[in-house]
Amino acid sequence: MGKRGSRSQSQLLNTLTKKQKKHLRDFGEEHPFYDRVSRKETKPQICQLSESSDTSDSESEADSEPEQVSGYCKLLATLKDVSEEEEDDEEEEEEIIDEEPEMSGEDGDGDGDVGVEEEMTAESAEMQENMALYTDCQEKGKEGPPSKSQQASPEEFTDAKHESLFSLETNFLQEESGGGCSLKASQDPFLQHMNKELKDKDVQAVGTNPKTTHQLKWPTLGQLVFSSKFQKLETFKPSKDIDLKSLHLQKPLESTWSKTNSQFLSGPQKSSSPFTPLQKELFLIMNSYRDLFYSERTALKNGEEIRHVYCLHALNHVLKANARVLGNNSRRRSQKLGVGDDDDFRDQGLTRPKVLIVLPFREAALRVVQLFISLLEGDSKKKIIVSNKKRFKGEYGSDPEERPPNLKRPEDYEAVFVGNIDDHFRIGVAILQRSIRLYAPFYSSDILIASPLGLRTIIGGEGEKKRDFDFLSSIELLIIDQADIYLMQNWEHVLHLMSHMNLLPLDSHGVDFSRVRMWSLNNWSKYYRQTLLFGALQDAQINSLFNKHCINLQGQVAVRNVPMTGSISHVLVQLPHVFQRMEAENVASVIDARFNFFVNKILPQYRDAVMSHTLIYVPSYFDFVRLRNYFKKEELNFTHICEYTKKSGVSRARQFFLQGEKQFLLLTERFHFYKRYTIKGIRNLIFYELPTYPHFYSEICNMLKATNRGEEATWTCTVLYSKYDAQRLAAVVGVERAAQMLQSKKNVHLFITGEK
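Residues numbered from 1 in each chain as written. Predicted model: local features only at pLDDT ≥ 70, side-chain atom pairs only at ≥ 80, totals over all residues. Heavy atoms only, no water.

*Asks:* I'd like a rundown of the overall build of the protein, residues and numbers included.
*Replies:* The helix and strand tally for the protein stands at 32 helices and 18 strands. Looking at the protein as a whole, 49% of its 756 residues qualify as buried. A fraction of 77% describes how many contacts in the protein between residues 6 or more apart in sequence connect residues 24 or more apart. Entry remark: accessible area of the protein is about 39000 Å², with carbon and sulfur atoms responsible for 50%. (Helix = DSSP H or I, 4+ residues; strand = E, 2+ residues; numbered from the N terminus. Buried < 20%, exposed > 50% of the residue type's maximum accessible area, 1.4 Å probe, protein only. Contact = heavy atoms within 4.5 Å. Areas by Shrake-Rupley, 256 points an atom, 1.4 Å probe, with all protein chains shown as cover.)

In structure tokens, the structure reads:
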């Protein structure tokens with residue numbers, strides 16, 4: 001019956017001209033000019049439609065031409081196939097055939113061409129498609145081939161091929177994944193944190209309550225400061241032995257972690273505990289969902305060790321959250337509950353992204369994604385599905401041949417600037433059970449990995465038309481790694497990001513509000529967000545960010561170890577260090593006070609030609625510009641190098657300074673951070689402000705020995721500081737000496753380093 005019908009439809013199609021076929025294809029019906037109108041008068045027919053009819057036609061159209069419309073629908077349903085069969089026979093249909101590949105793209109809606117061979121082998125599927133076209137032909141915009149306008153709208157993060165595969169709304173929890181066992185445990189810290197209910201009076205009291213603090217000393221982390229703005233402050237001590245089962249890790253992390261982390265374990269420690277002592281204490285704090293600030297993360301010593309443990313925590317959080325959503329999907333399907341029937345199913349935020357990992361370079365993003373893959377894969381022979389992996393490796397990997405072979409830099413520089421050091425990137429990662437989708441659209445992602453600059457360009461600023469920050473509305477876990485590097489990039493981008501975290505979205509983005517947690521709807525997400533902050537130093541700006549923007553209801557934990565010996569102990573040259581304290585009324589007046597002190601007290605001592613070869617080290621670029629303009633105005637004999645100086649300008653300035661043609665050299669800290677050049681010819685050294693990195697102090701001082709011509713007796717070093725530089729001063733001279741220098745009545749202090 002089907003073959004006979006299709007044959008008669010083909011005969012009908014063959015009678016049409018080229019223009020008629022093109023019009024039929026474009027509009028779903030023949031042109032009214034070619035309508036076959038019978039001259040005989042016919043009695044009006046009354047058609048009774050069934051209740052299940054889905055047709056959207058008006059009564060007049062259904063009464064007047066019920067048979068003609070269905071005939072056109074039949075022609076439309078078979079037009080694609082017949083046009084293919086006649087491709088070799090009729091040359092007049094070339095235009096129609098040429099349009100076919102353009103319309104049936106990879107992201108089309110499933111109505112592309114079906115070949116002749118496929119039609120013969122899958123006749124049943126073809127009949128279903130024709131029947132769908134037959135019954136719904138009036139919805140031409142939906143059922144016809146996708147138009148060019150539909151195809152030509154690619155987004156930055158578009159991967160429609162995997163959209164349904166990784167959708168949380170349309171998937172259900174698989175029994176084999178075993179996701180429900182850990183979620184049922186009442187002791188699971190994830191459930192305890194997410195199900196904890198805040199009251200209005202608690203939220204209102206946050207603004208007025210004083211912060212309560214308590215100090216504890218842990219074996220590995222050292223001095224910890226527990227704090228909270230909520231009334232109840234709870235502290236705890238680490239247990240000696242730790243069992244993976246007691247940590248409530250989601251499968252398969254319990255079995256894959258030991259192998260992934262084995263590189264940091266050795267000897268008896270490998271069999272006794274799956275964590276290193278540092279990892280164990282860090283993960284206990286992370287798993288309690290407290291905010292954490294760890295200021296001793298260095299690329300050389302423990303950087304990878306820490307990266308492993310926060311990736312474990314992030315993946316554990318996402319797997320638990322998704323397992324809960326998929327499990328509730330299964331429960332809703334089995335119970336056949338209507339929308340909003342049960343508040344137990346409130347398991348989501350206002351948008352899907354749950355974890356944001358802020359990293360400085362693409363190389364760090366590459367390592368994080370590789371860790372996610374190894375944590376999901378483990379020992380299993382069955383490889384997990386990773387979509388767009390080849391593209392990711394091409395964009396985030398690096399070519400070892402690009403690096404100059406003879407480049408010699410300090411070890412810490414090599415550890416930080418390894419691999420692809422591009423600082424403008426952002427990528428969405430969707431994780432569903434044992435599959436990973438890279439380059440997922442932001443609103444279909446579970447984890448966002450980005451740099452501050454990459455986020456800044458998409459968040460935008462006030463007044464910009466194209467800006468979006470709704471994807472930050474429901475972030476439950478924020479990880480900021482290597483925070484000290486952002487001080488060298490642009491700290492304003494980090495502050496801009498923090499000011500847009502956990503705001504109510506401007507658009508719904510297709511969310512099912514019956515599944516959204518009540519504290520998300522109340523705009524309390526910032527009280528449930530856990531922030532993990534890792535850096536290499538104690539800095540006032542990083543401390544300010546942690547104290548101001550981290551208000552987790554579980555409390556905050558900061559590692560506050562004081563440096564007993566400063567970086568001045570690493571200075572190898574025999575050099576007198578004169579520390580001069582300047583007075584400032586408040587923090588805001590420090591900048592002007594330092595400039596005036598330098599111009600009036602310090603600079604006159606070095607104006608004499610005898611004090612040539614003077615290097616002035618300036619940490620802040622704004623101070624550098626101010627000094628440069630002043631030196632130009634006073635017509636001093638100087639040159640300058642900053643991070644924006646071209647390579648030729650750098651070489652010229654270094655040569656002028658070495659030969660003594662220029663008396664002063666202004667050098668910015670960011671240039672030293674990114675290049676680490678050895679400046680030769682230094683005899684006099686001025687630190688306009690204490691360095692951000694304490695080891696930069698010893699590095700700069702040791703540059704004096706680069707051109708040793710028996711002038712050691714004339715070398716000098718002058719350092720400016722104020723009472724607001726207490727942290728940087730303690731990192732350079734040690735905490736005890738710093739306290740004495742700040743409390744002393746004398747404003748000048750002298751240290752002498754090197755061999756006697």
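*Asks:* Quick rundown of the packing of helix α20 (residues 452-459) against helix α22 (residues 491-499)? Include the residues and the values.
*Replies:* Following both chains from N to C, one finds α20 and α22 inclined at 55°, their axes separated by 9 Å at the closest point. With respect to each other, α20 and α22 are oriented oblique. You can see that α20 and α22 cross each other, and the crossing is left-handed. Contact residues: α20 offers Pro452, Leu453, Leu455, Arg456 and Ile459, while α22 offers His493, Val494, His496 and Leu497. The class makeup of the residues in the contact of α20 with α22 is 6 nonpolar, 2 polar and 1 charged. (Axes fitted to C-alpha atoms, helices over the stretch in contact; angles between N-to-C directions. Parallel < 35°, antiparallel > 145°, perpendicular 65-115°, else oblique. Left-handed = near helix turned anticlockwise from the far one by under 90°. Nonpolar A, V, L, I, M, F, W, Y, C, P; charged D, E, K, R; others polar.)

*Asks:* Account for the nonpolar core, with residues named and values stated.
*Replies:* Ranked by internal contacts, the top residues of the largest apolar core, which has 75 residues, are Leu356, Leu472, Phe579, Leu685, Phe687 and Tyr697. At 5 residues, helix α21 (residues 483-489) tops the list of elements feeding residues into this core. Of all hydrophobic cores here, the second largest spans 61 residues; its members include Leu247, Met286, Val386 and Phe392. (Core = buried A, V, L, I, M, F, W, Y, C linked by side-chain atoms within 4.5 Å.)

*Asks:* So what about the packing of helix α17 (residues 362-377) against helix α18 (residues 389-396)? Which residues, and what values?
*Replies:* The geometry of α17 relative to α18 is characterised by a closest axis approach of 9 Å and an angle of 150° between their N-to-C directions. Between α17 and α18, the crossing angle belongs to the class labelled roughly antiparallel. The handedness of the crossing between α17 and α18 comes out as left-handed. Residue-level inspection shows Arg362, Ala365, Leu366, Val369 and Ile373 of α17 in contact with α18, the latter providing Lys389, Phe392, Glu395 and Tyr396. Its residues assigned to classes, the contact of α17 with α18 shows 6 nonpolar, no polar and 3 charged.

*Asks:* Before we move on, can you summarise the sheet that holds strand β17 (residues 716-721) with the specific residues and values?
*Replies:* The 7 strands are arranged β14-β15-β13-β16-β17-β12-β18 in an open sheet whose pairing can be described as mixed. Every interior strand has two partners, whereas the edge strands, β14 (638-641) and β18 (748-753), have only one. The mean angle between the axes of side-by-side strands here comes to 20°, regardless of whether they run parallel or antiparallel. As judged from the 4 bridges shared by strand β16 (residues 684-687) and β17, these two strands associate in the parallel manner. The residue of β17 that forms the bridge with asparagine 684 is threonine 716. Sheet strands touched by helix α28 (residues 647-659): β13 (614-618), β14 and β15 (664-668). Its angle to β14, the strand with the most contacts, is close to 140°. (Pairing = 2+ DSSP bridges.)

*Asks:* Residues and numbers for the sheet that holds strand β2 (residues 222-228), please.
*Replies:* In spatial order, the strands read β1-β2-β11-β3-β10-β9-β4-β8-β6-β7-β5; together these 11 strands make up an open sheet with mixed pairing. Pairing within the sheet leaves two strands with one partner each, and these edge strands are β1 (212-218) and β5 (385-387). The average undirected angle you get between the axes of adjacent strands in this sheet is 15°. Where β1 meets β2, 7 bridges bridge the pair, whose relative direction is antiparallel. Its bridge partner lying in β2, leucine 216 is registered against leucine 224. Against the sheet, α17 contacts β4 (355-358), β5, β6 (426-432), β7 (435-438) and β8 (447-450), and its axis sits at roughly 150° relative to β8. The sheet contacts of helix α25 (residues 540-549) involve β3 (291-294), β10 (530-534) and β11 (556-559), and relative to β3 the element is tilted by about 170°.

*Asks:* Tell me about helix α27 (residues 621-633), and name the residues and values.
*Replies:* For α27, with 13 residues, the first-to-last C-alpha span of 18 Å sits near the 18 Å given by 1.5 Å per residue. For α27, every residue scored as buried is listed here: Asp623, Phe624, Leu627, Arg628, Tyr630 and Phe631. Take α27 and look down its axis: the buried residues cluster within an arc of 165°, on one side only. Exposed side chains of α27 directed beyond 90 degrees from the buried face belong to Phe622 and Lys633. Capping the start of α27 is the job of one residue whose side-chain oxygen sits 3.3 Å from the backbone nitrogen of phenylalanine 622: serine 620. Positive phi shows up at glutamate 635, right after α27, with a value of about 55°. (Expected span 1.5 Å × (residues − 1). Arc of directions from axis to C-beta. Polar contact = N/O pair within 3.5 Å; in protein donor to acceptor, adjacent residues only side chain to side chain.)

*Asks:* Mind laying out the environment of asparagine 209, listing which residues take part and the relevant values?
*Replies:* Relative to the helices and strands, asparagine 209 is located in the loop between α12 (200-206) and β1. In this structure the C-alpha to C-alpha distance between asparagine 209 and lysine 229, which are 20 residues apart in sequence, comes to 6.0 Å. Setting aside its immediate chain neighbours within four residues, asparagine 209 contacts Lys229 and Gln231. Here the side chain of asparagine 209 touches lysine 229 through a polar contact of 3.4 Å, landing on its backbone oxygen.

*Asks:* Describe the pattern of salt bridges, with residues and values.
*Replies:* Between side chains of opposite charge, pairing is possible as soon as their charged atoms come close. Applying the stated criterion across every chain, the model contains 21 salt bridges. What you see here is one network of salt bridges that share partners, running through Glu304, Arg307, Glu363 and Arg367. (Salt bridge = Lys/Arg side-chain N within 4 Å of Asp/Glu carboxyl O.)

*Asks:* Explain the packing of aromatic side chains to me, and be specific about the residues and the numbers.
*Replies:* Geometrically, a pair of aromatic rings is defined through the distance of the ring centres and the angle of the planes. All told, the structure shown has 33 aromatic pairs when counted by the stated rule. For the pair tyrosine 310 and phenylalanine 534, a centre-to-centre distance of 5.7 Å together with 25° between the ring planes defines the contact as stacked. Of this pair, tyrosine 310 sits in helix α16 (residues 303-335) while phenylalanine 534 sits in strand β10, placing them 224 residues apart in sequence. In this pair, the class of tyrosine 310 matches that of phenylalanine 534, namely buried. Plain terms: the ring middles of phenylalanine 442 and phenylalanine 471 are 4.9 Å apart, the flat faces sit at 70° to each other, and that makes the pair edge-to-face. Remark: phenylalanine 471 occurs in the loop between α20 and β9 (477-480) and phenylalanine 442 occurs in the loop between β7 and β8; sequence separation between them is 29 residues. On the accessibility criterion, phenylalanine 442 (6% relative accessible area) is buried. (Phe/Tyr/Trp six-rings, centres within 6.5 Å; stacked < 30°, edge-to-face > 60°.)

*Asks:* Account for the confidence of the model for the protein, with residues named and values stated.
*Replies:* Averaged over every residue, the pLDDT of the protein is 80; the share at 70 or more is 73%. Scored below 50 in pLDDT, residues 47-70 makes 9 contacts in the model with residues more than four places away or belonging to other chains. Ignoring residues within four places in sequence, the model shows residues 78-158, a span with pLDDT below 50, making 96 contacts including any to other chains. (pLDDT = per-residue confidence, 0-100.)

*Asks:* Give a detailed account of the side chain of aspartate 347, specifying residues and quantitative values.
*Replies:* Following the sequence through the fold, aspartate 347 ends up in the loop between α16 and β4. We classify aspartate 347 as buried; its relative accessible area is 3%. At a separation of 2.6 Å, a polar atom in the side chain of aspartate 347 contacts the side chain of asparagine 328. Residue contacts for aspartate 347: discarding those within four places in its chain leaves Arg324, Val325, Asn328, Arg515 and Arg517.

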